[in-house]
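Residues per chain, in single letters:
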Amino acid sequence: MSSSPTAEQLHAEFAALYPPAPVAEKPAPAPEPAPVAPAATPDASGAPVAPAPKPAAPKAPVGPILQTEPPFGATAVDFAARGFHLDLSIPAADVVSVAERLYRHEFSLDTMTGVDWMKLNQMEVVYDFVHFTTNLHVVVRCRVPRDNPELATISSVFQGALWHERETHDFFGIRFLGHPNLVPFLLPEDATYHPLRKDFAGASD
Amino acid sequence: MLLTKEQALARSTHSVGGPNETFVLNLGPQHPATHGVLRVKLTMDGEFIQRAEPVCGYIHRMHEKMGENRNYSQFLPNTSRLDYLSAMQYTHAWVGVVEKACKIEVPERAEYIRVITSELNRIASHLVGWGAWVMDLGGFTPILYAFDDREKILDLLEGICGARLTFCYYRFGGVVNDVDAAFLQGTKDFVPYMRERMKMYKKLVTGNIILRKRIEGIGMISQDMCRRYGACGPVLRGSGIQHDVRRAEPYSIYHKFDYEIPVYHECDSMARYLVRMDEIEQSLRIIEQALATFPEGPFVNPKVPKFVKVPAGDYTYATEAARGRFMVRLVADGSDTPYRVKLRTPCLANLSLFEEACAGMLLPDALAFMGSLDLVIPDIDR
């Protein structure tokens, strides 16, 4: 219940809860060309069907950020380079308990939003928390499946989330379970589309 | 007089329709006191508010989507159209986040120009907020004085960037035009002029008994409430939290200047009024110091490419706009177009606490309270 944590204390606390995963994001580009060549050879030789368990190969050349799936963990971030101090990736089931923890530390909910990672078939929900006396800026993120994006509301802890969650639902179609009034906030009241989804083609009505 | 919700409801049992009769009053979206297209759905019990539910989105333009289908420089004019009264700080956040991500260096002269123009813009914005608020409360004269002074600032800024409202003056790596001697001299003259005016404003308005009776003790916002809703700017500092992005997350060259962050502990509308009046003086101090040490040199980094490509990653950059913390969250994929732009605007956070703070309030008090939040509706609706 320490009310004003230092950056180190906070990082230690969350790193104990969500230890940073070992660095294993670099060798992603290597396996790309491999699965294509063997697919042709079994056909020509007439050999018995050997099902190659390689259904998901990265296709379109996208930026590296679109391919990596950040593992759960707490990472201290260089403020001068990125603009925040602590980056925390958590499972969607933990949002409320993490929000409660941050509220006990007297953090304030700065904002929250979504990001559509269509290539990974995921939706990311990003929460920004700032502390008014230690000036820490903590980013909390969690990913939910894109075809069924839902997670618990944190509006019982931070009431500011009532509007942010409505807005995120407007733009991305992410459902916040337990939200008392998840109706369109900025979009028209009968809107059924979610314009910030990457496959949004335009509101046709 | 401030009533708790229970007191107000106890009182309202004397209203005509009996203890449980309420009616819905629709305030806005076209209402002079909401300064734009904000609608508030009020559930009234007599003259007391049971529930005040702001309805937003009437001027929604989907700036965040626009950010995803134009390149980094093309999005710059959009940022000055959110809170059009403090456009400088908003464009500053956008150029700031791109400069941070691409590690673009900004010449010192450009930073000085940015600080001076941002602070001038803050004064102009506070003058409008102040004049319009006092006009809401029934005092028509002050806004005419305020617009007179604001005109002087707008003339100065028009001289260097051509615009009078939606300034788009900053560029990646600097500013678009250098300032001339007329601007520097005009700003130098403006500082003592504005100080004299502030004395007059204090006599004319701040001490006015009618104003004080209308806003003292009205619209209490506790520190806990500030945290739960993410309140920012003068609203936060009027509740005794000394938090200012210029100090807390230092950007540009604000660390070079000596200035105070005004803070009042009363948590009421008067405290927010006084914070804004004090901030004008602090902005004048910053301008004065910046002019005294104004350096020579280039006004823009010549090495910045025409089409900026931002390395993949996500970045945030916050500035202290006139109404509080404005933050841009940028997710970049390495191309010349943003992957995702999130605009965290101060007015949305400050209005979101309106419903809780208003419960049990008299309707005229709620309008006085709304003025103390100094809302700009396009900033909420984006």
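Residues numbered from 1 in each chain as written. Chains lettered and ligands numbered in written order. Predicted model: local features only at pLDDT ≥ 70, side-chain atom pairs only at ≥ 80, totals over all residues. Heavy atoms only, no water.

### Focus on the overall build of chain A
Let me state the cut-off plainly: Starting at the N terminus, helices and strands are each numbered in turn, a helix being any DSSP run of H or I of at least four residues and a strand any DSSP run of E of at least two. Residue burial is assigned from relative accessible area. The probe radius is 1.4 Å, only protein chains are included, and a residue is buried under 20% of its type maximum, exposed over 50%, and partly exposed in between.
Regarding its fold elements, chain A presents five helices and seven strands. In chain A, the succession of helices and strands from N to C terminus is α-α-β-α-β-α-β-β-β-β-α-β. The 205 residues of chain A split such that 42% are buried.

### What about the overall build of chain B?
The following threshold applies: Put simply, the radius of gyration uses C-alpha atoms, and a globule should come to 2.2 Å times the residue count raised to 0.38. Note on contacts: a residue pair is in contact if any heavy atoms of the two residues lie within 4.5 Å. To measure how exposed things are, a 1.4 Å probe is used in the Shrake-Rupley method; for residues, cover is taken only from the protein chains shown. Charge counting treats Lys and Arg as positive and Asp and Glu as negative, with His and both chain ends excluded. By convention, the point assigned to a charge is CZ for Arg, NZ for Lys, CD for Glu and CG for Asp.
A tally of helices and strands in chain B yields 16 helices and eight strands. The C-alpha atoms of chain B give a radius of gyration of 21 Å, which matches the 21 Å a tight globule of 382 residues would have. Over its C-alpha atoms, taken along the principal directions, chain B stretches across nearly 75 × 50 × 30 Å. Here chain B holds 382 residues, and the buried ones make up 62% of them. Contacts in chain B between residues far apart in sequence, at least 24 positions, make up 71% of those at least 6 positions apart. Surface exposure of chain B reaches about 13,700 Å², of which carbon and sulfur atoms provide 55%. Charged side chains of chain B number 46 positive and 46 negative; the gap between the two group centres comes to 2 Å.

### As for the interface of chain B and chain A
The following threshold applies: Accessible surface is computed with a 1.4 Å probe, and the buried area is the amount of it that two parts give up when combined, taken over both parts together. Salt bridges are defined by distance alone: a side-chain nitrogen of Lys or Arg within 4 Å of a carboxyl oxygen of Asp or Glu. Each polar contact in these results corresponds to two N or O atoms within 3.5 Å; when the atoms are within protein, one needs to be able to donate a hydrogen and the other to accept it, and residues that are neighboring in sequence are counted only if both atoms are side-chain atoms. Charged means Asp, Glu, Lys or Arg here, nonpolar means Ala, Val, Leu, Ile, Met, Phe, Trp, Tyr, Cys or Pro, and polar covers whatever is left, Gly included.
Contacts between chain B and chain A engage 43 residues on the former and 51 residues on the latter. Summed over both sides, the interface of chain B with chain A buries roughly 3,900 Å², with 57% coming from carbon and sulfur. Contact with chain A buries area across many residues of chain B, yet Arg-227, Arg-228 and Tyr-339 of chain B alone supply 18% of it, more than any other trio. Connecting chain B to chain A are eight salt bridges. Taking the shortest distance from any N to any O, the salt bridge between Asp-314 of chain B and Arg-82 of chain A comes out at 2.5 Å. For the interface between chain B and chain A, the tally reads 20 residue pairs in polar contact (both at pLDDT 80 or more). Elements supplying a minimum of two residues to the side of chain B that touches chain A: β3 (48–55), α2 (63–68), α9 (223–229), β6 (313–321), β7 (324–332), β8 (338–344), α13 (346–352) and α16 (377–381) of chain B. A per-class count over the side of chain B that touches chain A returns 18 nonpolar, seven polar and 18 charged.

### Side note on the packing of helix α7 (residues 181–206) of chain B against helix α12 (residues 269–292) of chain B
Residues and elements named next belong to chain B. Rules: Lines fitted to the C-alpha atoms define the axes, with helices restricted to the stretch that makes contact. Angles between their N-to-C directions range from 0 to 180 degrees. Any angle between 65 and 115 degrees counts as roughly perpendicular, while under 35 counts as roughly parallel, over 145 as roughly antiparallel, and the rest as oblique. By definition, turning the near helix anticlockwise from the far helix through less than a right angle yields a left-handed crossing, and turning it clockwise yields a right-handed one.
At a closest axis distance of 10 Å, the pairing of α7 and α12 adopts a crossing angle of 160°. It follows that α7 is roughly antiparallel to α12 by the angle criterion. The chirality of how α7 crosses α12 is left-handed. Between α7 and α12, the contacting residues are Leu-184, Thr-187, Lys-188, Phe-190, Val-191, Met-194, Arg-195, Met-198, Tyr-201, Val-205 and Thr-206 on the first element and Met-270, Tyr-273, Leu-274, Met-277, Ile-280, Glu-281, Leu-284, Arg-285, Ile-287, Glu-288 and Leu-291 on the second. Here the contact of α7 with α12 is built from residues that sort into 15 nonpolar, two polar and five charged.

### Things to note about the packing of aromatic side chains
The description of two aromatic rings rests on the distance between their centres and on the angle between their planes. Here is the rule: Between rings of Phe, Tyr and Trp, where Trp is taken as its six-membered ring, a pair exists when centres lie within 6.5 Å; planes separated by under 30 degrees are stacked, by over 60 edge-to-face, and by other angles tilted.
Under the definition given, this model contains 19 aromatic pairs over all chains. With a centroid separation of 5.0 Å and an interplanar angle of 15°, the aromatic rings of Trp-117 of chain A and Tyr-339 of chain B are classed as stacked. Of this pair, Trp-117 of chain A sits in strand β3 (residues 107–117) while Tyr-339 of chain B sits in strand β8, on two different chains. Tyr-339 of chain B carries the same exposure label as Trp-117 of chain A, and that label is buried. Aromatic side chains Trp-130 of chain B and Tyr-201 of chain B sit 4.5 Å apart centroid to centroid with 35° between the ring planes, which places their arrangement in the tilted category. In this pair, Trp-130 of chain B is assigned in helix α5 (residues 108–136) and Tyr-201 of chain B in helix α7, connecting sequence segments 71 residues apart.

### A look at the sheet that holds β6 of chain B
Residue and element names in this part refer to chain B. Spelled out, the test is: Pairing between strands is defined by DSSP: at least two bridges between them are needed.
Taking strand neighbours across the sheet as the criterion, the three strands line up as β6-β7-β8 in an open arrangement whose pairing is antiparallel. The strands lining the two open edges of the sheet, one partner per strand, are β6 and β8. Pairwise comparison of adjacent strand axes, ignoring direction, gives a mean angle of 15° for this sheet. When β7 meets β8, the two strands line up antiparallel, connected through six bridges.

### Considering the pattern of salt bridges
Applying the stated criterion across every chain, the model contains 48 salt bridges over all chains. For Glu-13 of chain A, the salt bridge goes to Arg-101 of chain A, with nearest N and O atoms at 2.7 Å. Here the residue Glu-13 of chain A occupies a position in helix α1 (residues 7–17), and Arg-101 of chain A occupies one in helix α4 (residues 95–104), the gap between them amounting to 88 residues. By relative accessible area, which is 23% here, Glu-13 of chain A ends up partly exposed. Where Asp-87 of chain A meets Arg-82 of chain A, a salt bridge forms, and the shortest distance between an N and an O atom there is 3.9 Å. A network of salt bridges, in which partner residues are shared, links Arg-82, Asp-87, Glu-124, Asp-128, Arg-141 and Arg-143 of chain A together with Asp-314 and Arg-329 of chain B.

### Notes on the nonpolar core
Here is the rule we go by: Only buried residues count toward a nonpolar core, which is a set of Ala, Val, Leu, Ile, Met, Phe, Trp, Tyr and Cys residues joined through side-chain atoms within 4.5 Å.
The biggest cluster of nonpolar side chains holds 82 residues, and the ones touching the most others in it are Trp-94, Leu-120, Tyr-169, Phe-172, Tyr-273 and Val-310 of chain B. The element best represented in this core is α5 of chain B, accounting for 11 residues. With residues near it in sequence (within four places) discarded, Leu-120 of chain B still touches Ile-153, Leu-156, Leu-157, Phe-183, Thr-187, Phe-190 and Ile-287 of chain B. One finds Trp-163 of chain A together with Leu-27, Leu-85 and Phe-354 of chain B within the second-largest nonpolar core, a separate group that totals 80 residues.

### Structural notes on the confidence of the model for chain B
Operational definition: Every residue carries a pLDDT, the predictor's confidence in it, which falls somewhere between 0 and 100.
Scored by pLDDT, chain B comes out at a mean of 88, with 96% of its residues at no less than 70. Here the complex is predicted with pTM 0.84, and the ipTM for its interfaces comes to 0.86.

### Points about the sheet that holds strand β1 (residues 23–27) of chain B
Residue and element names in this part refer to chain B. Taken in spatial order, the three strands make up an open sheet running β1-β2-β3, and their pairing is antiparallel. Edge positions in the open sheet fall to β1 and β3, since each of these has one partner strand only. For this sheet, the mean angle separating the axes of adjacent strands, direction not counted, is 25°. Here β1 pairs with strand β2 (residues 39–45) via five bridges, running antiparallel. Among the inter-strand pairings, Leu-27 is bridged to a residue of β2, identified as Val-40.

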